[in-house]
Amino acid sequence: MKRGFAPVVDAGTRLLILGSLPGDASLNVGQYYGHPRNAFWRLVGDVIGRDLPALPYEDRLTALKGAGIGLWDVIAGAERKGSLDTAIRNAEAADLPGLIDRLPNLKAIAFNGATAAKRGARVLGPDTGAPVRLNLPSSSPALAKPLAWKAEHWARIAPYVASPTGRP
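Computed from a predicted model, the values in this text were never measured in an experiment. (Residues numbered from 1 in each chain as written. Predicted model: local features only at pLDDT ≥ 70, side-chain atom pairs only at ≥ 80, totals over all residues. Heavy atoms only, no water.)

### Details of the side chain of Lys2
Turning to step 1, where the next piece is worked out: Its location among the elements puts Lys2 in strand 1 (residues 2-3).
Turning to step 2, where the next piece is worked out: The exposure class of Lys2 is buried, given its relative accessible area of 18%.
Turning to step 3, where the next piece is worked out: Only 2.5 Å separates the side chain of Lys2 from the side chain of Asp24, close enough to count as a polar contact.
Turning to step 4, where the next piece is worked out: If near-sequence neighbours (up to four positions away) are discounted, Lys2 is found in contact with Leu21, Asp24, Leu27, Ala76, Gly77, Ala78, Arg80, Lys81 and Gly82. (Helix = DSSP H or I, 4+ residues; strand = E, 2+ residues; numbered from the N terminus. Buried < 20%, exposed > 50% of the residue type's maximum accessible area, 1.4 Å probe, protein only. Polar contact = N/O pair within 3.5 Å; in protein donor to acceptor, adjacent residues only side chain to side chain. Contact = heavy atoms within 4.5 Å.)

Take a look at the structure:
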């Protein structure tokens, strides 16, 4: 059974980015999006105007929180050989409703990839519009699309992040 990480959130979280379940490279280093070819840190860094890949991991998390961005996964644990989402079996859903209830400033949820979007919608139920839900292409190298194409889609999170001054 592979288990995900604790949520990275605080009271200022305006945007919650949800992946599916960390892959083996991330689990091995104990970091969200720890695979060196995963574009997550570049994509989010472009949106918030920070060179996130150049920062140590803890500083990346601090920068995300400063921008009002939180991280978690829709799957708390599952059996999976390798890292592909298609290999996930016997998944245990994360308590998304419980987390969301503790985020008073949450404006949007962004799903990182199709698996996260599908499983997240199942856990959260019908989209009521509050908070806004965004389905984004996976930042994983398993989705063989150019970085520019992914960045164009990921730019949709910009209205939900805090400016460098901490204000919307």
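More follows now that the structure is in view.
### Examining the packing of aromatic side chains
Turning to step 1, where the next piece is worked out: For the structure on display, the rule yields six aromatic pairs.
Turning to step 2, where the next piece is worked out: Between the aromatic rings of Phe40 and Trp41, the centroid separation amounts to 4.9 Å while the plane-to-plane angle is 85°, which identifies the pairing as edge-to-face.
Turning to step 3, where the next piece is worked out: The exposure class assigned to Phe40 is buried, which follows from its relative accessible area of 0%.
Turning to step 4, where the next piece is worked out: Ring geometry for Phe40 versus Trp154: centroids 5.8 Å apart, planes at 85°, classification edge-to-face. Placement of the pair is Phe40 in helix 2 (residues 40-48) and Trp154 in helix 6 (residues 147-154), with a sequence separation of 114 residues. (Phe/Tyr/Trp six-rings, centres within 6.5 Å; stacked < 30°, edge-to-face > 60°.)

### Section: the sheet that holds strand 4 (residues 75-79)
What holds strands together in a sheet is hydrogen bonding between their backbones, with the strands either parallel or antiparallel.
Turning to step 1, where the next piece is worked out: Across the sheet, three strands lie side by side as 1-4-5; this open sheet has antiparallel pairing. Among the strands making up the open sheet, the edge pair consists of strand 1 and strand 5 (89-93). (Pairing = 2+ DSSP bridges.)

### With respect to the nonpolar core
Turning to step 1, where the next piece is worked out: Counting 47 residues, the largest nonpolar core has Leu15, Ile17, Phe40, Trp41, Ile69 and Leu71 as its most contacted members.
Turning to step 2, where the next piece is worked out: Among the elements that line this core, the one with the most residues is helix 2, at five residues.
Turning to step 3, where the next piece is worked out: Among residues more than four places away in sequence, those in contact with Ile17 are Phe40, Val44, Ile69, Gly70, Leu71, Trp72, Ala110, Asn112, Trp154 and Ile157. (Core = buried A, V, L, I, M, F, W, Y, C linked by side-chain atoms within 4.5 Å.)

### Describing the packing of helix 2 against helix 6
Turning to step 1, where the next piece is worked out: In contact at an axis separation of 10 Å, helix 2 and helix 6 are set at 50° when each is read in the N-to-C sense. One element, helix 2, and the other, helix 6, form an angle in the oblique class. Seen from above, helix 2 lies across helix 6 with right-handed handedness. Between helix 2, through Phe40, Arg42, Leu43, Val44 and Val47, and helix 6, the contact on the second element is made entirely by Leu147, Lys150, Ala151 and Trp154.
Turning to step 2, where the next piece is worked out: Class assignment of the residues belonging to the contact of helix 2 with helix 6 gives a composition of seven nonpolar, no polar and two charged. (Axes fitted to C-alpha atoms, helices over the stretch in contact; angles between N-to-C directions. Parallel < 35°, antiparallel > 145°, perpendicular 65-115°, else oblique. Left-handed = near helix turned anticlockwise from the far one by under 90°. Nonpolar A, V, L, I, M, F, W, Y, C, P; charged D, E, K, R; others polar.)

### Here's the deal with the pairing of strand 3 (residues 69-73)
Turning to step 1, where the next piece is worked out: Counting buried positions along strand 3 yields five of five residues, so the element is predominantly enclosed.
Turning to step 2, where the next piece is worked out: Burial along strand 3 is two-sided: the residues Ile69, Leu71 and Asp73 and Gly70 and Trp72 are all buried.
Turning to step 3, where the next piece is worked out: Where strand 2 (residues 15-19) meets strand 3, five bridges bridge the pair, whose relative direction is parallel. Looking at the pairing, Ile17 lines up with Leu71 of strand 3.

### Quick word on the sheet that holds strand 7 (residues 132-136)
Turning to step 1, where the next piece is worked out: Taken together, the four strands give an open sheet; going across it, the order is 3-2-6-7, and neighbouring strands pair in parallel fashion. At either end of the open sheet lies a strand with only one pairing partner, and these are strand 3 and strand 7. Going from strand to strand, the sheet's axes swing by 20° on average, the running direction of each strand aside.
Turning to step 2, where the next piece is worked out: With five bridges joining them, strand 6 (residues 108-112) and strand 7 adopt parallel strand pairing. Counted as the bridge partner of Ala110 is Leu134 from strand 7.
Turning to step 3, where the next piece is worked out: The strands touched by helix 2 within the sheet are strand 2, strand 3 and strand 6, with strand 3 carrying the most contacts at an inclination of about 155°.
Turning to step 4, where the next piece is worked out: Docked against the sheet, helix 5 (residues 114-124) engages strand 2, strand 6 and strand 7, running at close to 135° with respect to strand 6.

### Here's the deal with the environment of Leu18
Turning to step 1, where the next piece is worked out: Within the secondary structure layout, Leu18 lies in strand 2.
Turning to step 2, where the next piece is worked out: The exposure class of Leu18 is buried, given its relative accessible area of 0%.
Turning to step 3, where the next piece is worked out: For the pair Leu18 and Ile88, spaced 70 residues apart in the sequence, the C-alpha separation amounts to 16 Å.
Turning to step 4, where the next piece is worked out: Once residues within four sequence positions are removed from consideration, Leu18 is found in contact with Trp72, Asp73, Val74, Leu96, Ile109, Ala110, Phe111, Asn112 and Ala116.

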